[in-house]
Amino acid sequence: MTDPLARLAEVLARVEGIWGSDELSALNPGDLIAVNAELGTARRLIEGVQARVASEIARQSRPELGAGSLAKMQGFRSPTALIASTTGTSQGDAARLVQVGDATTPRTTFTGEAAPPRHPHVAGAVQAGLVGASAAAAIIRMLDRVAIRAGKVAVERAERMLVDHAPGLTVDQLNRTILRIEAVLDPIGVEPRETDLREDMSLIFREEPNGMLVITARLDPEHAAPVRTAIDALVTAELRARHDGGPDNAGGIGGVDGRAVGSPLGGNAGDQDVREADRSRRTIPQLQADAFVRLIEHTLGCDRRDLPLGGATVIVRIDLADLENDTGHATIDGITAPISAATARRMAAAGGIIPCILGGESDILDWGRAKRLFTPTQKLAIIERDGGCVNCAAPPGHTKVHHIRWWARDAGPTDLRNGVLLCESCHHRIHDNGFDIRVDGTGTNAIVWIIPPAHIDPARTPRRGHRAHYRLAS
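Residues numbered from 1 in each chain as written. Predicted model: local features only at pLDDT ≥ 70, side-chain atom pairs only at ≥ 80, totals over all residues. Heavy atoms only, no water.

To continue, consider the sheet that holds strand E13 (residues 463-464). What the three strands build is an open sheet, ordered E11-E12-E13; its pairing is antiparallel. Across the chains shown, the open sheet's two edge strands, defined by having one partner strand only, are strand E11 (436-440) and E13. In this sheet, E13 lies alongside strand E12 (residues 447-451) in antiparallel orientation, the contact comprising two bridges. By the bridge assignment for E13, Ile450 is matched with Arg463. (Pairing = 2+ DSSP bridges. Helix = DSSP H or I, 4+ residues; strand = E, 2+ residues; numbered from the N terminus.)

A few words on the confidence of the model for the protein chain. For the protein chain, the mean per-residue pLDDT works out to 82, and 83% of the residues sit at or above 70. Averaged pLDDT values for the elements of the protein chain fall to 56 in helix H12 (residues 269-280) and rise to 95 in helix H6 (residues 120-127). With pLDDT under 50 throughout, residues 247-270 is counted as low confidence; its partners more than four residues away or in other chains account for 45 contacts. (pLDDT = per-residue confidence, 0-100. Contact = heavy atoms within 4.5 Å.)

Most of strand E5 (residues 314-319) is tucked away, with five of its six residues classed as buried. Relative to strand E6 (residues 329-332), E5 runs antiparallel, the two sharing two bridges. Note that in E6 the partner of Arg317 across the bridge is Thr331. (Buried < 20%, exposed > 50% of the residue type's maximum accessible area, 1.4 Å probe, protein only.)

Glancing now at the packing of helix H5 (residues 91-104) against helix H7 (residues 133-150). One can describe the packing of H5 onto H7 by two numbers: an axis separation of 9 Å at closest approach and a directional angle of 65 degrees. Judged by the inter-axis angle, H5 sits roughly perpendicular to H7. When you trace H5 past H7, the crossing you get is left-handed. In contact with Arg96, Leu97, Gln99, Val100, Ala103 and Thr104 of H5, H7 contributes Ala133, Ser134, Ala136, Ala137, Ile140 and Arg141. (Axes fitted to C-alpha atoms, helices over the stretch in contact; angles between N-to-C directions. Parallel < 35°, antiparallel > 145°, perpendicular 65-115°, else oblique. Left-handed = near helix turned anticlockwise from the far one by under 90°.)

Right, let's talk about the pattern of salt bridges for a bit. The tally for this structure, following the rule as stated, stands at 18 salt bridges. Asp144 is paired through a salt bridge with Arg118; the nearest N and O atoms lie 3.0 Å apart. Remark: Arg118 occurs in the loop between strand E2 (114-115) and H6 and Asp144 occurs in helix H7; sequence separation between them is 26 residues. Using a relative accessible area of 34% as the deciding quantity, one classes Asp144 as partly exposed. Residue Arg218 is joined to Asp200 by a salt bridge in which the shortest nitrogen-to-oxygen separation is 2.5 Å. In this pair, Arg218 is assigned in strand E4 (residues 213-218) and Asp200 in the loop between helix H10 (190-199) and strand E3 (202-207), connecting sequence segments 18 residues apart. We classify Asp200 as partly exposed; its relative accessible area is 38%. Because the salt bridges share partners, they merge into one network encompassing Arg145, Arg149, Glu182, Asp186 and Arg193. (Salt bridge = Lys/Arg side-chain N within 4 Å of Asp/Glu carboxyl O.)

Structure, rendered in structure tokens:
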């Protein structure tokens, strides 16, 4: 029995020991979480074994084998079709298994000698059940793209860092980290990729039979930034109006002077009460749709000045040396994909965009207990460090700076190291459930850790805050 299969048997034995013959509903919360974690490990181990099997099926189905190809002998035109059919997945998933298997299986050289896997760190993590096939494939694709320009040493270091960092992340979170690391490994490739993205921009309208208009937009980071910033600002204004419990007299998404969006008249008081109740139940996607419509309405009647954008501004961040030398890359608040230094310079020349140059002089960021509320300058610095809500990654406009050590209870100072960005929901969730927050380091490069309570994780393993995932690319 191979090591992965032996580990799989151990994991399933642990699941049986925790779960036993009890009904699932009878498990206490700690045991339920433990079962879920063990099953996650089991799934990743199975995917690792499947990847090796898929790679071998592909090897025995090489085109040069002709009619002797394993896939053709089984009645399939390709190995991915065979794998997809027998595993109940798509051919895309099957191709990903083959890719992972090829990169993580020990090789044989042309001289017949044994050689290690092409990506040994990914191979070790896959075989240990730490990384699943989707995450492994994402890492492998990026490393293969940059291999020639980045060099063997840098690629090996990035592979090791990503593998160490991947456990516990969703594939989406890992992909965001991979984007940033790819920009560091291959800065020359950022600008060509931007060109490809600009050429792929589109806006498509499709009307459904029931009258709904479906709008599908694909925008590159440069052009997506102002759109997202404006919509986030309008949604933030609406959420704050809800939280304050007052009427939307600031002209929020709900309307102007009491009128609902899209309604030419305010209506009577009873209608207004119904509209207010309806607004309180609207989800974030619905609020974003309201904001989009509001922006278009404002453009059509631009003599009005009623959009509560609250000084919303696109912020482009770049190191001073990269700006001066036209090297490296920049980032845009709220947008995952990095941009080139040339694009950052072009955006900085546009209106409504603030270039944040890192590495120069800055204002005083620590006030001790001289002030209770964090200043705008402090919040900008904390936004640079945290990138948004450290727990759920909500955009900065949806967050407030909270004291880690409380001002009143713990005599916590209003300092950069004692402030953290949290949205209202995560703020309550973290406090109510006993989570702790720790900041390692100083300044905007410090790392924020979220530490679960013992009843959730007996080991209290720290979890990286939102932007801390990207510090790997530094």
